[in-house]
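The lines below spell out each chain.
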Amino acid sequence: MSLKGKVALVTGSTSGIGQGIAEALAAEGASIMLNGFGDAAKIEVLRASFEQRLGVKALYNGADISKGDQLRAMVEETQKTLGSLDILVNNAGIQFTAAVEDFPDEKWDQIIAINMSGVFHGMKSAIPAMKAKGWGRIINIASAHGLVASPFKVAYVAAKHGVLGMTKVAAIELANSGVTVNAICPGWVLTPLVEKQLADRAKEQGTTVEKETHAFVTEKQPMAQFSTPEQIGGLAVFLCSDAAKTITGVPLSIDGGWTAQ
Ligand code: NAD
């Protein structure tokens with residue numbers, strides 16, 4: 001258990017990729033602060049399952065990542081109740097699709113607030129204690145859309161490119177502090193965020209999700225399969241390992257060849 005004694009906060013860990021990352025870090029022994037929206041009873045079952053199944057301490061904080069003050073308070077609560085914050089995974093994110101000229105202002109503001117400013121506020125809050133301790137791992141969940149664009153995703157693509165920019169800035173600033181800052185850039189991962197896009201597409205085409213899935217994945221990825229939350233979790237664990245000590249400021253693609261083209 002390589003992360004025994006470490007404390008990890010994973011934003012947006014009540015679902016999908018964030019949950020997969022939290023489980024992978026917990027499986028290596030890290031205590032976990034869970035975060036995200038959802039049904040309170042289901043979240044409590046999830047939190048308790050970390051303690052029962054994985055044998056680590058797990059807490060939950062429902063901070064809204066679009067609100068810097070709530071994010072700061074969650075970082076402080078993590079440090080107080082779990083003893084420190086060694087690993088910060090900025091993962092919470094949402095999607096909305098429309099052409100630039102039709103994109104609702106409030107959706108732009110919301111996506112920038114959660115997917116981009118949330119990463120800034122998370123890093124800003126966590127860095128001082130990591131620096132003081134001389135060890136820290138910041139992992140920002142960007143996307144293939146941090147490296148390349150697709151139509152109808154102006155806010156998402158802008159936010160994810162922004163995340164890669166701030167990952168590099170923080171990595172350079174922290175280069176000799178024991179704290180590394182990297183970004184993971186997934187291709188397609190089958191989570192509620194993508195299930196909705198698939199369902200919308202099947203509806204538009206007048207067909208079924210099952211029939212659309214292959215075309216949906218291979219339109220972007222040479223490899224005709226989804227990555228899984230467990231695989232993204234495995235990459236996050238690697239970034240926390242000693243082998244990754246000098247990896248910093250890097251966008252790590254896990255995208256079935258999407259951005260190799
Ligand atoms: P998901 O919808 O399954 O999970 C999103 C999580 O974020 C949930 O826990 C949700 O409650 C939480 N969340 C949303 N808004 C929040 C807010 N304001 N405050 C706190 N929590 C909030 O989606 P996912 O696919 O697991 O996405 C996770 C991250 O991975 C996102 O940043 C997304 O952009 C990125 N990503 C996903 C894919 C993919 O194919 N699924 C690909 C590349 C990148």
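The structure displayed is predicted, hence computed values, not measured ones. (Residues numbered from 1 in each chain as written. Predicted model: local features only at pLDDT ≥ 70, side-chain atom pairs only at ≥ 80, totals over all residues. Heavy atoms only, no water.)

## Side note on the state of the cysteines
The test is simple: By convention in this document, the label disulfide applies to cysteine sulfur atom pairs within 2.5 Å.
Throughout the structure, instances matching the rule amount to zero disulfides. Free of any disulfide, Cys185 has its nearest cysteine sulfur in Cys240, 16 Å distant.

## Quick look at the site of the ligand
What counts here: A cutoff of 4 Å decides nearness: a residue is near a molecule or strand if any of its heavy atoms lies inside that distance of it. Side-chain atoms alone can form a polar contact between residues adjacent in sequence; in general such a contact is a pair of N or O atoms within 3.5 Å, and within protein one must be able to donate a hydrogen while the other accepts it. Computed by Shrake-Rupley with a 1.4 Å probe, the accessible areas treat only the displayed protein chains as cover when residues are assessed. By definition, any uninterrupted DSSP run of H or I lasting at least four residues is a helix, any uninterrupted run of E lasting at least two residues is a strand, and each is numbered from the N terminus. Amino acids are sorted into nonpolar (Ala, Val, Leu, Ile, Met, Phe, Trp, Tyr, Cys and Pro), charged (Asp, Glu, Lys and Arg) and polar (every other residue, Gly among them). Note: domain ranges come from an automatic or database domain assignment.
The immediate surroundings of the ligand are formed by 30 residues, with Ser15, Asn91, Tyr156, Val189 and Thr191 found nearest. Contact distances for the ligand include 2.9 Å between a nitrogen atom and a side-chain N or O atom of Asp64. Within the side chain of Lys160, one N or O atom sits 2.9 Å away from an oxygen atom of the ligand. Here the ligand loses 93% of its free accessible area of 820 Å² to cover by the protein chains. For the shell around the ligand, the elements supplying multiple residues, two or more each, are α1 (16-27), α5 (154-173) and α6 (192-205). Looking at the shell around the ligand, its residues break down into 16 nonpolar, 12 polar and two charged. Residues from two domains meet in the shell around the ligand; each of domain 1 (7-187 + 228-260) and domain 2 (190-226) gives at least three.

## Things to note about the packing of aromatic side chains
Our working rule: When two rings of Phe, Tyr or Trp (its six-membered ring) have centres within 6.5 Å they constitute a pair, described as stacked for plane angles under 30 degrees, edge-to-face for angles over 60, and tilted for the intermediate range. Exposure categories follow from relative accessible area, calculated using a 1.4 Å probe and restricted to protein chains: below 20% of the type maximum is buried, above 50% is exposed, and the middle band is partly exposed.
Within this structure, the stated rule accounts for three aromatic pairs. Taken together, a centroid distance of 5.5 Å and an interplanar angle of 90° make the contact between Phe96 and Phe103 edge-to-face. The class for Phe96 is partly exposed, based on a relative accessible area of 27%. The exposure class assigned to Phe103 is buried, which follows from its relative accessible area of 9%.

## Some points on the pattern of salt bridges
Side chains that differ in charge, positive against negative, can pair when their charged atoms come close. Heads up, the rule is: Salt bridges, as used here, are contacts in which a Lys or Arg side-chain nitrogen is within 4 Å of a carboxyl oxygen on Asp or Glu.
Under the counting rule described, the total for this entry stands at eight salt bridges. The salt bridge partner of Arg47 is Glu44, with a shortest N-O separation of 2.8 Å. Remark: Glu44 and Arg47 occur in helix α2 (residues 40-54); sequence separation between them is three residues, near one turn of the helix. For Arg47, a relative accessible area of 16% puts it in the buried group. The salt bridge involving Glu51 is made with Arg47; its shortest N-O contact spans 3.2 Å. Of this pair, Glu51 and Arg47 both sit in helix α2, four residues apart, which is roughly one turn of the helix. Under the relative-accessibility criterion, Glu51 is labelled partly exposed at 30%. Counted as one network, the salt bridges with shared partners bring together Glu44, Arg47 and Glu51.

## A closer look at the domain arrangement of the protein
Worth spelling out the cut-off: By definition in these notes, contact holds between two residues if any of their heavy atoms fall within 4.5 Å. A simple way to read buried area is as the amount of 1.4 Å-probe accessible surface that goes missing from two parts once joined, with both sides added.
For the protein, the assigned domains read domain 1 (7-187 + 228-260) and domain 2 (190-226). For domain 1 and domain 2, the distance between their C-alpha centres works out to 25 Å. Taken together, the contact between domain 1 and domain 2 spans 15 residues of the former and nine residues of the latter. In total, about 900 Å² of surface goes out of reach between domain 1 and domain 2, with carbon and sulfur atoms giving 59% of it.

## As for the packing of helix α3 (residues 68-82) against helix α4 (residues 105-133)
Stated precisely, the cut-off is as follows: Angles here are taken between N-to-C directions and fall from 0 to 180 degrees, while the axes themselves are lines fitted to C-alpha atoms, restricted in helices to the stretch in contact. Each helix crossing is assigned a hand: it is left-handed if the near helix lies turned anticlockwise from the far helix by less than a right angle, otherwise right-handed if that turn is clockwise.
It is at 9 Å that the axes of α3 and α4 come closest, and there the two elements cross at 35°. With respect to the hand of their crossing, α3 and α4 are arranged in right-handed fashion. Between α3, through Gly68, Leu71, Arg72, Val75 and Gln79, and α4, the contact on the second element is made entirely by Gly118, His121, Gly122, Ser125, Ala126 and Ala129. Across the contact of α3 with α4, the residue classes tally to four nonpolar, six polar and one charged.

## Considerations on unusual backbone geometry
A positive phi is found at Phe152, a non-glycine position, where the angle reads about 70°. Relative to the elements of secondary structure, Phe152 occurs in the loop between β5 (136-141) and α5.

## Considerations on the pairing of strand β2 (residues 31-35)
Filter applied, for reference: Here, a strand pair is defined by DSSP locating no fewer than two bridges between the strands. A right-handed crossover is one whose linking path, passing over the helix from the first strand to the second, runs clockwise when the strands point away from the viewer.
The buried fraction of β2 amounts to five of the five residues, a majority that puts the element mostly inside the structure. Neither face of β2 is left uncovered, since the one carrying Ser31, Met33 and Asn35 and the one carrying Ile32 and Leu34 both have all their residues buried. Looking at chain direction, strand β1 (residues 7-10) and β2 are connected through four bridges and run parallel. Each bridged residue has a counterpart across the sheet, and for Ala8 the counterpart in β2 is Ile32. Crossover β1 to β2 through α1 is right-handed. For β2 and strand β3 (residues 58-61), the ladder comprises four bridges, and the chain directions are parallel. Directly across from Asn35, in β3, lies its bridge partner Asn61. Taken together, β2, α2 and β3 form a β-α-β motif whose crossover is right-handed.

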